[in-house]
Amino acid sequence: MTATPDLARLRSDTPGLLRSVFRRHAAGVAVITASGPSGPAGFTATSLASVSAEPPLLSFGVGTGSSSWPVIAEAGHVGVHILGEHQQELAATFARSGADRFGPPTAWRTGPEGVPVLDGVLAWLVCRVAGRVPAGDHRIVLAEVLLGDPAGDGRPLVYHQGRFGGLRG
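Right, let's get into the pattern of salt bridges. As enumerated under the stated definition, the model contains four salt bridges in all. Two residues, D119 and R109, come together in a salt bridge whose shortest N-O distance is 2.5 Å. Of this pair, D119 sits in the loop between strand 8 (116-118) and strand 9 (123-135) while R109 sits in strand 7 (residues 108-110), placing them 10 residues apart in sequence. Among the salt bridges present, the one from E144 reaches R128, with a minimum N-O distance of 2.7 Å. With E144 in strand 10 (residues 138-149) and R128 in strand 9, this residue pair connects regions lying 16 residues apart in the sequence.

Next up, the structure:
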């Protein structure tokens, strides 16, 4: 049975409303990485989306006020890592402001095109940045998939209600 929406509870505080609604939207968790003049940078993203199969394109959002934005803004290539449910702490590290994201215990290596590649992920890609589209206080980055590895073991990490967790079932 479908419940009728309670129109008396409508909210118009749109930034708060958007956050509240998207807390109920379960999303996969990825870490985006790039290399810059001062070293590697990266951040946790739940905005990863497949855009096109031909050519193979994906997108993700990045805040222009984030510490990773200056590197992403200039990078020609990025790494995209799909995290497993065993990587909650890694997701939290890359989401935390001021964290040493590439220090121990993060295991990584320099991959193709100089992109930092994280170890132990479910899948990873190296992509060429194809565009950066202004979107409010963020940029939507479009990236073309060049190569990667989809063969990691495990179940995906998800973000829901402000927490990282696994899928039930």
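Turning next to the side chain of T106. With respect to the helices and strands, T106 occurs in the loop between helix 3 (88-95) and strand 7. Of the polar contacts made by the side chain of T106, one reaches the backbone oxygen of R101; its length is 2.8 Å. T106 has contacts with L90, F94, R101 and L118, leaving out every residue within four places of it along the chain.

Okay, the packing of aromatic side chains next. Scanning all chains against the criterion turns up four aromatic pairs. Between F43 and F60, the ring centres sit 6.0 Å apart and the planes meet at 55 degrees, which makes this aromatic pair tilted. In this pair, F43 is assigned in strand 3 (residues 39-45) and F60 in strand 5 (residues 57-63), connecting sequence segments 17 residues apart. Both residues of the pair, F43 and F60, count as buried. Geometrically, the ring pair formed by F102 and W108 is edge-to-face, given 5.2 Å between the ring centres and 75 degrees between the ring planes. Here W108 falls in the partly exposed class, since its relative accessible area comes to 30%.

Quick notes on the rules
Residues numbered from 1 in each chain as written. Predicted model: local features only at pLDDT ≥ 70, side-chain atom pairs only at ≥ 80, totals over all residues. Heavy atoms only, no water. Salt bridge = Lys/Arg side-chain N within 4 Å of Asp/Glu carboxyl O. Helix = DSSP H or I, 4+ residues; strand = E, 2+ residues; numbered from the N terminus. Polar contact = N/O pair within 3.5 Å; in protein donor to acceptor, adjacent residues only side chain to side chain. Contact = heavy atoms within 4.5 Å. Phe/Tyr/Trp six-rings, centres within 6.5 Å; stacked < 30°, edge-to-face > 60°. Buried < 20%, exposed > 50% of the residue type's maximum accessible area, 1.4 Å probe, protein only.

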